[in-house]
Amino acid sequence: MKGKLALIGLVFAMAMPAQTFAATKTYTVTPNRDNCYAVEYIPRTVQENTRGQLVRGESTAWVGNVTDGNLVRHQRNPALYKTTTRIVEEEHYTMRSAPCPARSR
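Note that this is a predicted model, so its numbers are computed, not measured.

1. Focus on the state of the cysteines
So, point 1. Overall, the coordinates contain 1 disulfide when judged by the stated rule.
So, point 2. The disulfide partner of Cys36 is Cys100, and the S-S distance across this bridge is 1.9 Å. Note on the Cys36 and Cys100 pair: the S-S dihedral is about 115 degrees, so by sign convention the disulfide is right-handed. Here Cys100 lies in the segment after strand 6 (92–98) and Cys36 lies in strand 1 (residues 36–42), a separation of 64 residues in the sequence.

Dropping the structure here:
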């Protein structure tokens, strides 16, 4: 009998703190069906062509005084080009999916 009372007391002692710590709250959750986007600015994309427009073609030349005993050099002159640019993509804004911040109602 004493064993049964001790066992019942032990069960009651363990159940008592569990009830004191267990707090219940009820609240309603409203589903969030919003779509949120992060707006991002995209600058214009330009492609440069360093060999765009030919100004002067490749040539060779003799440099120096062509007289007896002087040093003469045969030099190569590379072609000369004017750089051209081409717009690949104009500036614009784009929207990327982003998580929505929590809102209260």
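2. Brief notes about the environment of Val88
So, point 1. Residue placement: Val88 occurs in strand 5 (residues 80–89).
So, point 2. Separated by 42 residues in the primary sequence, Val88 and Val46 place their C-alpha atoms 5.5 Å from one another.
So, point 3. What Val88 contacts, discounting residues up to four positions off in sequence, is Thr45, Val46 and Gln47.

3. Digging into the environment of Asn65
So, point 1. For Asn65, the position within the fold is in the loop between strand 3 (59–63) and strand 4 (73–77).
So, point 2. By relative accessible area, which is 48% here, Asn65 ends up partly exposed.
So, point 3. When near neighbours in sequence (up to four residues on either side) are disregarded, Asn65 contacts Asn70 and Val72.

About the thresholds
Throughout this document, residue positions are counted from 1 along each chain, in the order its sequence is written. Note on the predicted model: pLDDT of at least 70 is required for a residue's local features to be given, and 80 or more for side-chain atom pairs to be given and counted; whole-chain, interface and lining totals, by contrast, use all residues. Calculated side-chain values reflect all of the structure's heavy atoms, with hydrogen atoms and water omitted. Disulfide: a pair of cysteine sulfur atoms within 2.5 Å of each other. Helix numbers and strand numbers start at the N terminus; a helix is a DSSP run of H or I with at least 4 residues, a strand a run of E with at least 2. Any two residues having at least one pair of non-hydrogen atoms within 4.5 Å are treated as being in contact. Exposed residues in this analysis have more than 50% of their type's maximum accessible area, buried residues have under 20%, and partly exposed residues fall in between, with area computed by a 1.4 Å probe over protein chains only.

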